[in-house]
Amino acid sequence: MPRKTDGMKFELLPRPTKGEDGKPLLYARPAKRFKYTQRAVDEYCNKYRCTQVGEISHLFGCFLDACATLMRDGSRVETEIGSFAPKLKLDGDYTDPKKVKNKSVSLAGIEFIPSKRFVETLQDKIHFGYVQKQEVYERHPVTDPEELEKILEKCLRIGYTTVERFQWAADLKYDTAKRYLNSKCKGENPLLRKFLEGRTNHYILAKKAKTK
């Protein structure tokens, strides 16, 4: 019987926790890391969705400006693809609300929750299911300090990063990624500062946080 080749390729990676047999539990992630640019999406829509050249890029620009304007008072914007809302952060650790000043709060990023329709539409597009790329993904963790700095910089482009986000980008184990990020929060002039949101630590640039 021929081996299945169609479908979304996935790879398996070991989790920090172990199963009953003493081996690491596994989790799956998409194996293909190709990124489509906005221009590529625009060209695709022009070719297959009857839009004009540049129309999608123009609409994205309009949506970005309109969405930011509507969210500036803290509102959430709900769309067909999902909802958007501002995420805030404090410039330090507080227990007394009276000590929190207006200038102590700044924008941490934007929360995006995909809509049920978006998720279902993607599921419908995966016509051939899923196919395993290889038995277990062999990690090739980044160890070069300069490369790690570049990866961290990319992860911070949205305003913050998390252990999971940095772990995935650098192909590190969770504990290794966490130690690296925490090390950047130490010293007289730390590069990062972390704050807890829900159950997840968020890491932001320390200097940026102080200037706001």
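Residues numbered from 1 in each chain as written. Predicted model: local features only at pLDDT ≥ 70, side-chain atom pairs only at ≥ 80, totals over all residues. Heavy atoms only, no water.

Asker: So what exactly am I meant to see when it comes to the overall build of the protein here?
Answerer: Across its full length, the protein carries 7 helices and 8 strands. Taken along its principal axes, the extent of the C-alpha atoms in the protein is 65 × 55 × 35 Å. When the 212 residues of the protein are sorted by exposure, 26% land in the buried category. With the model as given, the accessible surface of the protein reaches about 16000 Å², and the carbon-plus-sulfur share is 55%. Of note, the protein has its 42 positive side-chain charges centred 2 Å away from the centre of its 29 negative side-chain charges. (Helix = DSSP H or I, 4+ residues; strand = E, 2+ residues; numbered from the N terminus. Buried < 20%, exposed > 50% of the residue type's maximum accessible area, 1.4 Å probe, protein only. Areas by Shrake-Rupley, 256 points an atom, 1.4 Å probe, with all protein chains shown as cover. Lys, Arg positive; Asp, Glu negative; His and termini not counted. Charge placed at Lys NZ, Arg CZ, Asp CG, Glu CD.)

Asker: Looking at this structure, how should I read the sheet that holds strand S5 (residues 105-114)?
Answerer: The pairing of strands in a sheet happens through backbone hydrogen bonds and is either parallel or antiparallel. Pairing is antiparallel in the open sheet, where 3 strands are placed in the order S3-S4-S5. Only two strands of the sheet have a single neighbouring strand rather than two, namely strand S3 (77-78) and S5. Lying over the sheet, helix H2 (residues 55-71) contacts S3, strand S4 (82-90) and S5, oriented at roughly 55° with respect to S4. (Pairing = 2+ DSSP bridges. Contact = heavy atoms within 4.5 Å. Axes fitted to C-alpha atoms, helices over the stretch in contact; angles between N-to-C directions.)

Asker: Help me out: how do you make sense of the pattern of salt bridges in this one?
Answerer: Side-chain pairs of opposite charge can arise where the charged atoms are in close proximity. Evaluation of the coordinates by the stated rule reveals 8 salt bridges. For Arg-117, the salt bridge is made with Glu-80, and the minimal N-O distance between the two is 2.9 Å. Pair noted here: Arg-117 is in helix H3 (residues 116-125) and Glu-80 is in the loop between S3 and S4, with a separation of 37 residues, a long-range link. Neither residue differs from the other here; Arg-117 and Glu-80 are each classed as exposed. Salt bridges sharing common partners tie together Glu-11, Arg-29 and Asp-171. (Salt bridge = Lys/Arg side-chain N within 4 Å of Asp/Glu carboxyl O.)

Asker: How should the nonpolar core be read in this particular structure?
Answerer: In summary, soluble globular proteins display a tendency toward joint burial of nonpolar side chains. Core analysis: the biggest nonpolar cluster contains 14 residues, and Leu-152, Phe-166 and Leu-181 have the highest contact counts within it. Broken down by secondary-structure element, the contributors of at least two residues to this core are helix H4 (145-155), helix H5 (163-170) and helix H6 (174-183). The leading source of residues in this core is H4, at 4 residues. With sequence-adjacent residues up to four places away left out, Leu-181 is seen in contact with Leu-152, Thr-161, Thr-162, Val-163, Phe-166, Leu-192 and Tyr-203. (Core = buried A, V, L, I, M, F, W, Y, C linked by side-chain atoms within 4.5 Å.)

Asker: Could you clarify how one ought to interpret a positive patch on the surface in this entry?
Answerer: Among the surface-exposed residues, Lys-35, Lys-154, Arg-157 and Arg-165 lie close enough to one another that they form a single positively charged patch. With respect to the helices, strands and loops of the structure, Arg-165 is situated in helix H5. With a relative accessible area of 35%, Arg-165 lands in the partly exposed category. (Patch = residues over 30% accessible without salt bridge, like charges linked within 9 Å, V, L, I, M, F, W, Y side chains within 5 Å.)

Asker: Help me understand H4, please; the structure alone is not making it clear to me.
Answerer: An α-helical segment advances 3.6 residues per turn. Residues three or four places apart therefore align on the same side. For H4, the complete set of buried residues consists of Leu-148, Ile-151, Leu-152 and Cys-155. Summarising the axial view, the buried residues of H4 lie within an arc of 100°, below the 170-degree limit, and thus occupy one face. Counted as exposed and oriented over 90 degrees from the buried face of H4: Glu-146 and Glu-153. In this fold, the buried residues of H4 make contact with H5, H6 and strand S7 (192-197). Put simply, Asp-144 is the residue that caps the front of H4, since its side-chain oxygen is 3.2 Å from the backbone nitrogen of Glu-146. (Arc of directions from axis to C-beta. Polar contact = N/O pair within 3.5 Å; in protein donor to acceptor, adjacent residues only side chain to side chain.)

Asker: When you look at the environment of Leu-122 in this model, what are you seeing that I'm missing?
Answerer: The topology assignment puts Leu-122 in helix H3. Of the residues examined, Leu-122 reaches a relative accessible area of 47% and is grouped as partly exposed.

Asker: What exactly am I supposed to notice about the packing of aromatic side chains here?
Answerer: Each pair of aromatic rings is reported with the distance of its centres and the angle of its planes. Under the counting rule described, the total for this entry stands at 4 aromatic pairs. Relative to Phe-84, the ring of Phe-63 has its centre 5.6 Å away and its plane inclined at 65°; by these criteria the two rings are edge-to-face. With Phe-63 in helix H2 and Phe-84 in strand S4, this residue pair connects regions lying 21 residues apart in the sequence. By relative accessible area, which is 31% here, Phe-63 ends up partly exposed. When the centroid spacing of 5.2 Å and the interplanar angle of 10° are considered together, the rings of Phe-166 and Tyr-180 count as stacked. Taken together, the residues span a long stretch of sequence, with Phe-166 in helix H5 and Tyr-180 in helix H6 at a distance of 14 residues. For the pair Phe-166 and Tyr-180, one class covers both residues: buried. Taken together, Phe-63, Phe-84 and Phe-112 form an aromatic cluster joined through their ring pairs. (Phe/Tyr/Trp six-rings, centres within 6.5 Å; stacked < 30°, edge-to-face > 60°.)

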